[in-house]
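Close look at the chain arrangement
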Amino acid sequence: MTDPTLRRPTRGLKAVLRDGVRRGAERVDAATPDHRDRAVDALRAVAVLGVVLGHWLVTALVADGRTLRTASPLQHLPWLAPVSWLFQTLAVFFLVGGHVATRSYASARARGVPYRHWLRGRLARLFGPVVAVLTLWTVVTVALLLSGAEYATVRTLAKLALSPLWFLLVFAVLTAATPLLARLHPLWPLAVVLHVDLLRFGLGAPAWLGWLNLAAGWLVPYALGAAWTRGELERRRPAWILLLGGTAATAVLVALAGYPASMVGVPGAEVSNLNPPTLAAVTFGLAQCGLALLLRERLRGAMRRPVAWAAVALVNLSAMTVFLWHQTALMATTATGLLAGRLPGLHTVPDDLGWVAARLAWLPVLALALAVCRAAFRSWERGGGRGERSRVVRAHRPAADRGSAEGARHV
C-alpha cells in the first residue's frame, strides 16, 4: 500500500495554487468598476481566441525538402468546413470594436477631449505591439536570406507572420472614421457588399473590385456596434432577426449561389470567403453578431464568477499581443520541431484525421510558445516599451492591488 503521507505534499501544493488563483481572481473582481459591462470583454476574448485557435487548426507548414509551404486540412478534408464556422469570429471583434469606439468617442466629446487626442490614444493601443513584430521579422527575414534559406520558405514565413496586420489597418481606418460612422445604418455597407458581389460573380466585373468589400464588409458589424451604443439593439428581437436572417441568407448563398462553405481561406481555392470578404462571409457575420447579442446576459452572469472574469481580463490585457504573435508561436514551434525530424501534425500533409488528432495534441505546446511571446512583448501592448507601461501602472492602479487593478481597469 502507498503511504498516504507521501501524497500530502501534492495535495497541499494543489490547495496552495488553487487558493492563490482564487485570491488573485477575487482581487481583480473587487477592483473592477461596478458599471463595467463584462459581457463586452468576454465577447472580445472569445473573438480573439477563436481567431487564434482557428489559425492553429487550419494552418499547416509542410516540410518538403528544404522548403516549407502552407497547406490546410480544408484542402484535403472539405467536409471539415463547418469547423471554420466555429472559429471565424472576426465579425464579433468588429461588433465589439464598433461599440467600444463609439462609446469611447462619445465619452471623450462629453469631457471636451479633442478628436486628435482621442484618436492618438486609440491607435497607440493598436499599433504599439506592431513595432516589435516588424522589427523581429525584419531581422529574421534578413538572417534567413543571408543564410541561404529557400526564398519560397522565407516568403511563406514572413507572409504568415505579417498576415494579421491587414486586420489592424482596416480596424484603424474604421476607428479613425468613428465620428462619421456613429450614426451609419448597417444596411448601407451591406448594400455595397451585395452590389460588389453581383458585379464580380454575376456580371463578370474585374476581381480587384472585390477589395472594396475589405472595408465595406467589416463596416457592417462595426456599424452594428455603433447601433448597440445608440441603444438600438438592447431588445432581443433585433438579435434574433440577425441570427435567423443571417443564418438563412448564408445557407442560401452556400447551397444555391455557389459560395464556398468554408468561412476561412483555403489554399488553392478559386474563391475565398475571407480575402476579400464575400456576401456570404458578411451574412455569416450577421448571424454571429446576433448570437453574441443574445448571449450578453448569460455572459454577464458568468463573469460574476471571479476566476472566469480574471481569465477574461488576462486575455483582454494582451489581446493585441496574442493576435499579432500567435502565428509566430506556430512557426517557432514548427521550426524547433524540425530538429527532431518531420513530426505528425507539424510538418506532415494535413490529409487525414490522424493529422487533425496530432494537431490537437500540439495545441498546448503552441499555447506555451504563445505565452513566451506574450511575456517577451507584453510591454508593447499599451503603446510603448517599459517606460510607457510603468507610467500607466503608476497613474492608474493603487499600490496595494497593482496587478489586479491594472487587469480590471485597462481591459
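In what follows, the accompanying structure is described. In this text, all values refer to a predicted model and were calculated from it rather than measured experimentally.

1. Let's talk about the packing of aromatic side chains
To describe a pair of aromatic rings, you give the distance between the ring centres and the angle between the ring planes. A complete count under the given rule lists 15 aromatic pairs for this structure. For the ring pair tyrosine 105 and tryptophan 118, a centre distance of 5.1 Å and an interplane angle of 65° mean the geometry is edge-to-face. Here tyrosine 105 is found in helix 5 (residues 90-110), whereas its partner tryptophan 118 is found in helix 6 (residues 115-146), with 13 residues between them in sequence. Tryptophan 118 shares its class with tyrosine 105; the two are buried. Each ring, one from tryptophan 325 and one from phenylalanine 377, has its centre 4.0 Å from the other, and the planes form 5°; the classification is stacked. Taken as a pair, tryptophan 325 in helix 16 (residues 319-337) and phenylalanine 377 in helix 17 (residues 353-377) lie far apart in primary sequence, 52 residues in all. Across the pair, phenylalanine 377 and tryptophan 325 agree in class, each one buried. Grouped by ring-pair contacts, the aromatic residues Phe93, Phe94, Trp166, Phe167, Phe171, Trp218, Tyr222 and Phe323 constitute a single cluster.

2. Comments concerning helix 13 (residues 279-294)
Taking 1.5 Å of rise per residue, the 16 residues of helix 13 would be expected to cover 22 Å, and the 23 Å separating its terminal C-alpha atoms lies within 8% of that figure. For helix 13, the tally of buried residues reaches 15 of 16 residues, placing the bulk of the element in the interior.

3. A look at helix 6
Between its first and last C-alpha, helix 6 extends 45 Å over 32 residues, near the 46 Å set by a 1.5 Å rise per residue. The principal kink in helix 6, of about 40°, is found at arginine 125, preceding the proline proline 129 by one to four residues. Among the residues making up helix 6, those that are buried are Trp118, Leu119, Arg122, Leu126, Gly128, Pro129, Val130, Ala132, Val133 and Trp137. Buried-residue contacts for helix 6 involve helix 5, helix 7 (151-162), helix 8 (165-176), helix 9 (178-181), helix 16 and helix 17. Once helix 6 ends, the next one or two residues include glycine 148, with phi positive near 90°.

4. With respect to the packing of helix 6 against helix 7
Describing two packed helices takes the angle between their axes plus the distance from one axis to the other. Relative orientation of the contacting elements helix 6 and helix 7 amounts to 175°, with a least axis distance of 10 Å. In terms of their interaxial angle, helix 6 and helix 7 are classed as roughly antiparallel. Two secondary-structure elements touch here, helix 6 through Val133, Leu134, Trp137, Thr141, Leu144 and Leu145 and helix 7 through Tyr151, Val154, Leu157, Ala158, Ala161 and Leu162. Across the contact of helix 6 with helix 7, the residue classes break down as 11 nonpolar, one polar and no charged.

5. Some remarks on the nonpolar core
The biggest cluster of nonpolar side chains holds 91 residues, and the ones touching the most others in it are Trp56, Phe94, Phe167, Leu168, Tyr222, Leu324 and Trp325. A total of 11 residues in this core trace back to one element, the largest contributor, which is helix 2 (residues 38-58). Residue contacts for phenylalanine 167: discarding those within four places in its chain leaves Leu90, Phe93, Phe94, Met320 and Phe323. With five residues, the next largest nonpolar core counts Leu74, Leu77, Leu80 and Val264 among its residues.

6. A word on the pairing of strand 1 (residues 60-64)
With four of its five residues buried, strand 1 lies for the most part within the structure. Pairing between strand 1 and strand 2 (residues 67-71): five bridges, direction antiparallel. Residue pairing for strand 2: alanine 63 is matched across the bridge by leucine 68.

Each value, and the rule that gives it
Residues numbered from 1 in each chain as written. Predicted model: local features only at pLDDT ≥ 70, side-chain atom pairs only at ≥ 80, totals over all residues. Heavy atoms only, no water. Phe/Tyr/Trp six-rings, centres within 6.5 Å; stacked < 30°, edge-to-face > 60°. Helix = DSSP H or I, 4+ residues; strand = E, 2+ residues; numbered from the N terminus. Buried < 20%, exposed > 50% of the residue type's maximum accessible area, 1.4 Å probe, protein only. Expected span 1.5 Å × (residues − 1). Bend = angle between axes of the 7 residues up to and from the residue. Contact = heavy atoms within 4.5 Å. Axes fitted to C-alpha atoms, helices over the stretch in contact; angles between N-to-C directions. Parallel < 35°, antiparallel > 145°, perpendicular 65-115°, else oblique. Nonpolar A, V, L, I, M, F, W, Y, C, P; charged D, E, K, R; others polar. Core = buried A, V, L, I, M, F, W, Y, C linked by side-chain atoms within 4.5 Å. Pairing = 2+ DSSP bridges.

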